[in-house]
Amino acid sequence: MTKKYAGRYLLLTTYADLSDKELEMTKEWDETPLETLAVDETFLRGYAEEKGYPSLDCFLNSYTYDGVEGIAAEAESKGTFAFSYHPDLEKKYRFPKVATADMLQALVEFMEDVSVYDMIIKLLPQSKETGSKYFACDYEIITPDQQTADVIADFLEAIGVDALTTGFYDPEEDRRNNEIDALTGHGYVSA
């Protein structure tokens, strides 16, 4: 059985239910963005049975993203939806209109399962084109310079992130090696 959050919520991954603004923003994407849902186990048992699965475990091990389309809305209408997380969208989390203490506890437990470094990588813009001084690229935190990278690495190490390295994409070295790109002149932190 998969991990339960707050003793009763299980995670599912499905295609995200997109707002009109999100549909417009993602229309050129190759794939529909995914979302991770935290849904009450009892609701999921009934849902799996209704869909003809012999058990909840069988459902959890074989459902498809298309097969659970709309499950978030159905779970929310029955008060069994705790939250959803969409790492690729501007608004990363969605919550029910009324959240109970155990729903919030499930969110806290979910967030504790994600490393701080991974969370930062997911929250940062994924390219320099956004105009941000900080962005993520190839699982690195890209910074304006080496000194900033060192400060960020020191902070992350102080809160328990291990095995970090820092560096600098040296313009002279990149020019010499004919490797000038969007990262040239930036510092980086890597885990």
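Because the structure is a prediction, the values reported are computed rather than measured. For every chain, the first residue of the written sequence is number 1, and numbering continues from 1 onward in sequence order. For a predicted model such as this one, the threshold for reporting local features is a pLDDT of at least 70, and the threshold for listing and counting side-chain atom pairs is 80 or more; totals across whole chains, interfaces and linings nevertheless cover every residue. Computation of side-chain values covers all heavy atoms of the structure but excludes hydrogens and water.

## So, the sheet that holds strand β2 (residues 34-40)
Each strand in a sheet pairs with another by means of backbone hydrogen bonds, the pair being arranged parallel or else antiparallel.
And step 1. Criterion used throughout: strands pair if DSSP finds at least two bridges between them. Each helix is a run of DSSP H or I of at least 4 residues and each strand a run of E of at least 2, with the numbering of both proceeding from the N terminus. Read across the sheet, four strands follow the order β1-β2-β3-β4 without closing on themselves; strand pairing throughout is antiparallel. Sheet topology places β1 (9-15) and β4 (93-94) at the edges, where each strand pairs with a single neighbour.
And step 2. Here strand β3 (residues 81-85) runs beside β4; their pairing, made up of two bridges, is antiparallel. Following the sheet pairing, Ser-84 is matched in β4 by Arg-94.
And step 3. This element, helix α2 (residues 41-50), spans β1 and β2 of the sheet and lies at about 105° to β2.
And step 4. Running at roughly 30° to β3, helix α5 (residues 101-113) makes contact with β1, β2, β3 and β4 of the sheet. It only takes one pair of heavy atoms within 4.5 Å for two residues to be counted as in contact. Fitted lines through C-alpha atoms give the axes, limited to the stretch in contact for helices. The angle between two N-to-C directions lies from 0 to 180 degrees.

## So, the sheet that holds strand β7 (residues 165-168)
And step 1. As summarised here, the arrangement of the four strands in space is β5-β6-β8-β7, forming an open sheet in which the pairing is antiparallel. Strands at the two margins of the open sheet, each flanked by one partner only, are β5 (135-137) and β7. On average, adjacent strands in this sheet sit at an angle of 30° to one another, irrespective of strand direction.
And step 2. Lying on the sheet, helix α6 (residues 116-123) is in contact with β5, β6 (140-143) and β8 (187-190); it crosses β6 at an angle near 60°.
And step 3. Along the sheet, helix α7 (residues 146-158) contacts β6, β7 and β8; its crossing angle with β8, the most-contacted strand, is approximately 25°.

## Points about a nonpolar patch on the surface
And step 1. Each patch is assembled from residues with relative accessible area greater than 30% and no salt bridge, linking like charges that lie within 9 Å and nonpolar side chains (Val, Leu, Ile, Met, Phe, Trp, Tyr) that lie within 5 Å. In this description, accessible areas are obtained by the Shrake-Rupley approach with a 1.4 Å probe, and a residue is regarded as covered only by the protein chains that are shown. Any carboxyl oxygen of Asp or Glu that lies within 4 Å of a side-chain nitrogen of Lys or Arg is treated as forming a salt bridge with it. A contiguous nonpolar patch, built from Val-116, Phe-155 and Ile-159 and spanning about 270 Å² of accessible area, is present on the exposed surface.
And step 2. Examined against the element boundaries, Val-116 turns out to sit in helix α6.

## Observations regarding the nonpolar core
And step 1. Ranked by internal contacts, the top residues of the largest apolar core, which has 17 residues, are Leu-12, Phe-43, Leu-44, Leu-56, Phe-59 and Ile-71.
And step 2. Listed by contribution, the elements that provide at least two residues to this core are β1, β2, α2, α3 (56-62) and α4 (71-77).
And step 3. If you tally residues by element for this core, the top one is α2, at four residues.
And step 4. In this view, Phe-43 contacts Ile-71, Glu-74, Ala-75, Lys-78 and Thr-80; residues no more than four positions away in its chain are not counted. In plain words, nonpolar cores are sets of buried Ala, Val, Leu, Ile, Met, Phe, Trp, Tyr and Cys residues tied together by side-chain atoms within 4.5 Å. Only protein chains enter the accessibility calculation, which uses a 1.4 Å probe; a residue is then buried when its area is under 20% of its type maximum, exposed when over 50%, and partly exposed in between.

## Comments concerning the pairing of β6
And step 1. Covered by surrounding structure in β6 are Glu-140 and Ile-142 together with Ile-141 and Thr-143, the residues of both alternating faces.
And step 2. Of the strand pairs in this sheet, β5 and β6 are connected by three bridges, and their pairing is antiparallel. Within β6, the position partnered with Ala-136 by the bridge is Ile-141.
And step 3. Between β5 and β6, which pair antiparallel and follow one another directly, the connecting turn spans two residues, one of which, Asp-138, has a positive phi of 50°.
And step 4. With four bridges joining them, β6 and β8 adopt antiparallel strand pairing. Note that in β8 the partner of Glu-140 across the bridge is Ser-190.

In short, the description is geometric, and any link to function would need to be established separately.
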